[in-house]
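Summary of structural features
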Amino acid sequence: MHSFPAPALAMVERMRAAAAQDPARAVAFQGAPGANSHRAAGEATPDYLPLPCFGFEDALEAVRDGRAECAIIPIENSQHGRVADIHFLLPESGLAIVGEHFMPITHALMAMPHPDGSFGPFEAAYSHPQALGQSRLFLRERGIVPLSHADTAGAAAFVAERRDPKLAAVAPKLAGELYGLQVVEDRVEDAADNTTRFVVLARDPLDPASLAGDAAMTTFVFEVKNVPAALYKALGCFATNGVNMTKLESYQQGASFAATMFYADIVGAPGDPRVDTAFEELAFHCKELRLLGSYRQARRRG
């Protein structure tokens, strides 16, 4: 908690104390109060108590230790790709994905005014690397140097702490309100359909039987055997059983670069005969297969 900028610390302390009184309602998220993950937590889990955490690992640890009922983590953005390395974080955490949430993302350029009330020109703008990437063209056209910070709201708190009118933050408007910055320009993201996908993580997975009748998703990781056409055969398990795979990403396990893991999402859940058969066939082609959770689908995937 000490790593947050000073303007955020008092709010973090109050939220932490409230969550400690009722951990069954606490939702952990990465970032300072006012971050997009803070807003996503409220949208995905009404009647919640926010528990801000400095890093993704801290948010997962809060759930694992029982200080929060669940955590909400951004994993991918429509414009800038992967957000969190959930491939590494989730399997090691021992938690399960129990939900997903899609949220349109808008950013504002905010700053402290000069003594005469004017703004700019700005030498630099602080924000999370994802927000900087989503506003890259806006910043480049204005000659504003992008500087990385741990999260968007934390960047706003940092700029408020510095009180330098030559510095700005790219952050949600809520962050400007919380930390006393003024919005210089709204909607500075480069794409109007900028959207981030979040996943909700809990200690216990959902019973796939509870998803019967609902559109469901299942997320898993796997490593194929080191034989020719292994990945082709693995993916064929889903094709021949009519199971739609909506996401497939590879990542390296260890420093040898000899073992490639895959992270995947499919439409459906265990209990569906097609899904069960696909996983049975997949296991034959794999050295490792681990289900990370089945959950209700939040958005139709055509």
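Throughout what follows, the structure given in this document is the object of discussion.

Reading the values: the criteria
Numbers given for residues are sequential positions, taken from 1 along each chain in its written order. Owing to the predicted nature of the model, reporting of local features is limited to residues with pLDDT of at least 70; listing and counting of side-chain atom pairs is limited to 80 or more, with chain, interface and lining totals taken over all residues. Derived side-chain values reflect all non-hydrogen atoms in the structure, with water molecules and hydrogen atoms excluded from consideration. Axes here refer to lines fitted to C-alpha atoms; in helices the fit is confined to the stretch in contact. Angles between the N-to-C directions go from 0 to 180 degrees. By definition, any uninterrupted DSSP run of H or I lasting at least four residues is a helix, any uninterrupted run of E lasting at least two residues is a strand, and each is numbered from the N terminus. Should an angle lie under 35 degrees it is considered roughly parallel, over 145 roughly antiparallel, and from 65 to 115 roughly perpendicular; all remaining angles are considered oblique. Throughout, a residue-residue contact means that at least one pair of heavy atoms, one from each residue, lies within 4.5 Å. Here the term charged refers only to Asp, Glu, Lys and Arg, the term nonpolar to Ala, Val, Leu, Ile, Met, Phe, Trp, Tyr, Cys and Pro, and the term polar to all other amino acids, Gly among them. A patch consists of residues whose relative accessible area exceeds 30% and which take part in no salt bridge; residues with like charges are grouped when within 9 Å of each other, and nonpolar side chains (Val, Leu, Ile, Met, Phe, Trp, Tyr) when within 5 Å. Residue-level accessible areas treat just the shown protein chains as cover; the underlying method is Shrake-Rupley with a 1.4 Å probe. Put simply, a salt bridge is a Lys or Arg side-chain nitrogen that is within 4 Å of an Asp or Glu carboxyl oxygen. The positive count covers Lys and Arg only, the negative count covers Asp and Glu only, and His and the chain ends enter neither. Here the site of a charge means NZ on Lys, CZ on Arg, CG on Asp, or CD on Glu. Partly exposed residues are those whose accessible area sits between 20% and 50% of the maximum for their type, while under 20% is buried and over 50% is exposed, using a 1.4 Å probe and protein chains only. What makes two strands pair is DSSP finding at least two bridges between them. What is meant by a nonpolar core is a set of buried Ala, Val, Leu, Ile, Met, Phe, Trp, Tyr and Cys residues, joined one to another through side-chain atoms within 4.5 Å. Centre distance within 6.5 Å is the pairing criterion for rings of Phe, Tyr and Trp, where only the six-membered ring of Trp is used; planes under 30 degrees apart are then read as stacked, over 60 as edge-to-face, and the remainder as tilted. Consider the ring centre and the ring normal. A charge sits over the ring if Lys NZ or Arg CZ is within 6 Å of that centre and within 35 degrees of that normal.

**Focus on the packing of helix α9 (residues 230–239) against helix α10 (residues 273–284)**
- Here α9 crosses α10 at 170°, and the two axes come no closer than 8 Å. As judged from the angle between their axes, α9 and α10 are roughly antiparallel. Facing α9, whose interface residues are A234, C237 and F238, α10 presents A278, F279, E281 and L282.
- Residues belonging to the contact of α9 with α10 are distributed by class as follows: 6 nonpolar, no polar and 1 charged.

**Brief notes about a negative patch on the surface**
- A contiguous patch of negative charge on the surface is contributed by E57, D58, E61 and E92.
- At 3 residues, the largest contribution of residues to the negative patch is made by helix α3 (residues 56–64).
- Following the sequence through the fold, E57 ends up in helix α3.

**So, the pairing of strand β14 (residues 260–267)**
- Extensive coverage of β14 is indicated by the burial of 6 of its 8 residues.
- With 6 bridges joining them, strand β12 (residues 216–224) and β14 adopt antiparallel strand pairing. Each residue of the ladder has a partner; that of M217, found in β14, is V267.
- Relative to β14, strand β13 (residues 245–252) runs antiparallel, the two sharing 7 bridges. The residue of β14 that forms the bridge with E249 is Y263.

**Thoughts on the side chain of S37**
- In this fold, S37 is placed in helix α2 (residues 36–44).
- Using a relative accessible area of 6% as the deciding quantity, one classes S37 as buried.
- Beyond its immediate sequence surroundings of up to four residues, S37 is in contact with F29, Q30, I72, P74 and F198.

**Concerning the nonpolar core**
- Membership of the largest hydrophobic core comes to 29 residues, with the highest contact counts inside it found for A28, I73, L201 and Y263.
- Setting aside residues up to four positions removed in sequence, A28 forms contacts with L51, C53, A59, A62, A68, C70, A71 and I72.
- With 24 residues, the next largest nonpolar core counts M110, Y126, V159 and L181 among its residues.

**Topic: the packing of aromatic side chains**
- This model, assessed by the stated rule, comprises 8 aromatic pairs.
- An aromatic cluster is defined as three or more aromatic residues linked by ring pairs; in this entry it consists of F220, F222, F238, F262 and F279.
- Here K225 stacks its cationic end above the ring of F284, 4.9 Å away from the centre of that ring.

On their own, these measurements won't tell you what the molecule is for.
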